[in-house]
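Below, each chain spelled out in residue letters.
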Amino acid sequence: MEGTIQCSANYVPLSPISFLKRSAMVYRDAPSVVYGDVRFTWGETLDRCTRLASSLTLLGISSPGDVVASLAPNIPATYELHFGVPMAGAVLCTLNIRHDSKMVSVLLKHSKAKLIFVDYQLLDVAREAIEILSKTSTNLPRLVVILESDKTLTPTTGKTVSTNGSLEYEKVLTMGKPDFEIKWPSDEWDPISLNYTSGTTSSPKGVVYSHRGAYLNSLAAVLLNEMPSMPVYLWTVPMFHCNGWCLTWGVAAQGGTNICLRNVSANGIFSSISQHKVTHMGGAPTILNMIVNAPVNDRKPLSRKVAVMTGAAPPPPQVLFKMQELGFDVTHSYGLTETYGPGTVCSWKPEWNSLSPMAQAKFKARQGVHHIGMEEVDVKDPVTMKSVTPDAKTMGEVMFRGNTVMNGYLNDTKATQDAFKGGWFRSGDLGVKHPDGYIELKDRSKDIIISGGENISTIEVESVLFSHPAVLEAAVVGRPDDHWGETPCAFVKLKDGCNVSSDEIMKYCRDLLPHYMAPRTVVFEDLPKTSTGKTQKFVLRGKAKAMGSLTRRSTSKL
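Since the structure is predicted, the reported quantities are computational estimates derived from the model, not experimental observations. (Residues numbered from 1 in each chain as written. Predicted model: local features only at pLDDT ≥ 70, side-chain atom pairs only at ≥ 80, totals over all residues. Heavy atoms only, no water.)

1. Some points on the environment of Lys 109
Positionally, Lys 109 belongs in helix H4 (residues 101–111). Owing to a relative accessible area of 47%, Lys 109 belongs among the partly exposed residues under this scheme. In this structure, the C-alpha to C-alpha distance between Lys 109 and Ala 544, residues 435 residues apart in sequence, is 34 Å. Setting aside residues no more than four positions away along its own chain, Lys 109 makes contact with Leu 133 and Thr 136. (Helix = DSSP H or I, 4+ residues; strand = E, 2+ residues; numbered from the N terminus. Buried < 20%, exposed > 50% of the residue type's maximum accessible area, 1.4 Å probe, protein only. Contact = heavy atoms within 4.5 Å.)

The following block contains the structure:
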């Protein structure tokens, strides 16, 4: 239109860095980070992040797109890196703290990180990773050690931490200038972070986030969590996972207080809620399960409702029901690393209030609709790209479209093109759409069990297993079968003090499910998990495969 113009007055590239700047002004003397005896205000956090950014430039971070890695738990330094690194014009790559040295070396090589900030408890892992990397590369990252309150003793071994001439985090901060000029992105599509998918193998997928996407998803996370000004957020979601579902930046937008936990336990959660008057937290269903099954001595009554966002895996309705009984208000979100974490939310409808608590929990277990920052989510036929019939029965692939979908996979054009084929991001998750438009996951495409030509949703079988009073955790995979192709195999962890047989578990499932869906094998053992609380089903599939066929082709009967 005549008279319109785009200029610096009406176009400023979006970046979550602006959240920190604003909070340091509005909430300057309010608490920003709490970690044991360590306390910082928002004014202090801005100063520390600015000095960090300045120091990074002195350490050779100079070109746009330079990568700075970190290997550290939920501690203040990890939080500060989320602002200090992009303020230096660099890209933050937070690595999974459960990775071994070999995997860390693979990711350092793939990301071409120039620096790596390492928590003192993970120093041996990082050093060995760099040693492995030195055999194939001359471009080795410089190491910065994060010590804790100037302590140089590891609490597990009592041994002195030897920095061997490595830089120390707090000393690095003193190198920086408090008046350093922040390097804002010239384009909001510039990368802000690099996150590796939780299923990382020797062929890693590095997901690139932009300043724009991080800004929008941070605000969306604040809205779907219904965070008011100055919330108190307990960090039980790993900050290295999707940048803490973007709430590393989102809490700053509201001037909240970040309660950091190095190690997550039921006792630590209840104690933190009681001591710090926590208002919000997050966690995979594994964390929720930890809470509802906490020993009585670890529990403390809640003085107010605590809002919890859950995701990473479909939560069993029984767990949601028990969380509600304890005084937690759970919001179910769903997404992937490629969607900056949360991409949908199960928005609550007033008409559900009149339902029984268990019926409400079943509705809440749905993945829901796209949140305010995502343009669309749909369930489509992956071949025709047509939307499935919204009948809660017809399955298709869950797909996303919007500004909070990744830029792409680092140095992997083919994988990026495959993921975006048809103009939508293909999640690889199978689901249905209900008549009201809400989606519900049925399985990962690789997890669905096909038995005698029938599709079996492992999520549905697991939900029934979770309803058994003796079951603490459960995961279902396909076991090869000469006649049926596959049959359901359940791996179950029982609650302490409970003793039931595999036959009892199978009968319980047969009473509640069609017989072809009920597990025909039950194995009692601890379930292997990723650091984000997802069960490593590929490990369980390997175990089920090693068992061989349950039936013979000529005599198979259900």
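On we go from here.
2. What about a negative patch on the surface?
Where like charges cluster on the molecular surface, the negative patch consists of Asp 100, Asp 124, Glu 128 and Glu 131. You can see Asp 100 is positioned in the loop between strand E4 (91–94) and H4. (Patch = residues over 30% accessible without salt bridge, like charges linked within 9 Å, V, L, I, M, F, W, Y side chains within 5 Å. Areas by Shrake-Rupley, 256 points an atom, 1.4 Å probe, with all protein chains shown as cover. Salt bridge = Lys/Arg side-chain N within 4 Å of Asp/Glu carboxyl O. Lys, Arg positive; Asp, Glu negative; His and termini not counted. Charge placed at Lys NZ, Arg CZ, Asp CG, Glu CD.)

3. With respect to the sheet that holds strand E1 (residues 31–35)
Across the sheet, which stays open at both edges, the 9 strands sit in the order E2-E1-E11-E10-E12-E13-E14-E15-E16 with mixed pairing between neighbours. Strand pairing shows two members of the sheet lacking a second neighbour, strand E2 (38–41) and strand E16 (369–370), which therefore form its edges. Across 4 bridges, the pairing between E1 and E2 is antiparallel. By the bridge assignment, Pro 31 is partnered in E2 with Thr 41. Along the sheet, helix H12 (residues 317–326) makes contact with strand E13 (306–310) and strand E14 (328–336), crossing E14 at roughly 145°. (Pairing = 2+ DSSP bridges. Axes fitted to C-alpha atoms, helices over the stretch in contact; angles between N-to-C directions.)

4. Structural notes on the environment of Pro 76
Position of Pro 76 relative to the elements: it lies in helix H3 (residues 76–87). Those residues in contact with Pro 76 that lie beyond four places of it in its chain are Val 33, Tyr 35, Phe 40 and Cys 260.

5. Examining the pattern of salt bridges
Under the defined criterion, the tally for this structure stands at 23 salt bridges. Residues Arg 212 and Glu 188 are paired through a salt bridge, measuring 2.5 Å at the closest nitrogen-oxygen approach. Of the two residues, Arg 212 is situated in helix H7 (residues 211–224) and Glu 188 in the loop between helix H6 (169–175) and strand E8 (191–196); the sequence distance between them amounts to 24 residues. Across the pair, exposure class does not vary: Arg 212 and Glu 188 are buried alike. Taken together, the shared-partner salt bridges connect Arg 48, Glu 80 and Glu 170 into one network.

6. Quick look at H12
Along an α-helix, residues three or four apart share an orientation, since each turn contains 3.6 residues. Within H12, burial applies to Pro 317, Gln 318, Val 319, Leu 320 and Met 323. In this fold, the buried residues of H12 make contact with helix H11 (285–292), E13, E14, helix H13 (357–364) and helix H15 (458–466). Backbone geometry just after H12 places Gly 327 at a positive phi near 110°.

7. A look at the sheet that holds strand E26 (residues 521–524)
With mixed pairing, the 3 strands of this open sheet are ordered in space as E24-E25-E26. Edge positions in the open sheet fall to strand E24 (471–481) and E26, since each of these has one partner strand only. Pairs of neighbouring strands in the sheet enclose a mean axial angle of 25°, with direction left out of account. Bridge count for strand E25 (residues 485–494) against E26 is 4 bridges, and the pairing is parallel. Residue pairing in the sheet places Phe 491 in a bridge with Val 523 of E26. On the sheet, H15 packs against E24 and E25 and is oriented at approximately 140° with respect to E24. Helix-sheet contacts for helix H17 (residues 537–547) involve E24, E25 and E26, and the interaxial angle to E24 is about 50°.

8. A word on the packing of helix H1 (residues 17–26) against H7
One way to put it is that H1 packs onto H7 with a least axis distance of 9 Å and a crossing angle of 55°. Considering the angle they form, H1 stands oblique to H7. Seen from H1, the contacting residues are Ile 17, Ser 18 and Phe 19; seen from H7, they are His 211, Tyr 215, Ser 218 and Leu 219. Considering only residue class, the contact of H1 with H7 consists of 4 nonpolar, 3 polar and no charged. (Parallel < 35°, antiparallel > 145°, perpendicular 65-115°, else oblique. Nonpolar A, V, L, I, M, F, W, Y, C, P; charged D, E, K, R; others polar.)

9. A short note on the packing of aromatic side chains
Within the structure shown, the criterion is met by 12 aromatic pairs. Ring plane angle 35° and centroid distance 5.8 Å describe the contact between Tyr 334 and Phe 400, whose orientation is recorded as tilted. Within this pair, whereas Tyr 334 is found in strand E14, its partner Phe 400 is found in strand E18 (residues 396–401), the two being separated by 66 residues in sequence. By the burial criterion, Tyr 334 is buried, and Phe 400 matches it. Put simply, the rings of Trp 348, Trp 352, Phe 363 and Tyr 438 pair up and form one aromatic cluster. One cation-aromatic arrangement involves Lys 205 over Tyr 409; the distance from NZ or CZ to the ring centre is 4.9 Å. (Phe/Tyr/Trp six-rings, centres within 6.5 Å; stacked < 30°, edge-to-face > 60°. Lys NZ or Arg CZ within 6 Å of the ring centre and 35° of its normal.)

10. A few points about the pairing of E1
Taking burial as the measure, the 5 residues of E1 include 4 buried ones, the bulk of the element. As consecutive antiparallel partners, E1 and E2 are separated by 2 residues, and within that stretch Gly 36 has a phi angle of approximately 60°, a positive value.

11. Examining the nonpolar core
Within the largest apolar cluster, 81 residues are counted, with the highest numbers of intra-cluster contacts made by Met 87, Phe 117 and Phe 400. Discounting chain neighbours no more than four positions away, the residues touching Phe 400 are Tyr 334, Leu 336, Thr 339, Gly 343, Thr 344, Met 374, Glu 376, Val 377, Val 405, Trp 424, Phe 425 and Ser 427. Membership of the second largest hydrophobic core comes to 46 residues, among which are Val 232, Ile 259, Val 278 and Ile 505. (Core = buried A, V, L, I, M, F, W, Y, C linked by side-chain atoms within 4.5 Å.)

12. Let's talk about unusual backbone geometry
Not every positive phi belongs to a glycine, and Asn 243 is a case in point at roughly 50°. Within the secondary structure, Asn 243 is located in helix H8 (residues 242–245). Despite not being glycine, Tyr 340 has its phi angle at roughly 60°, a positive value.

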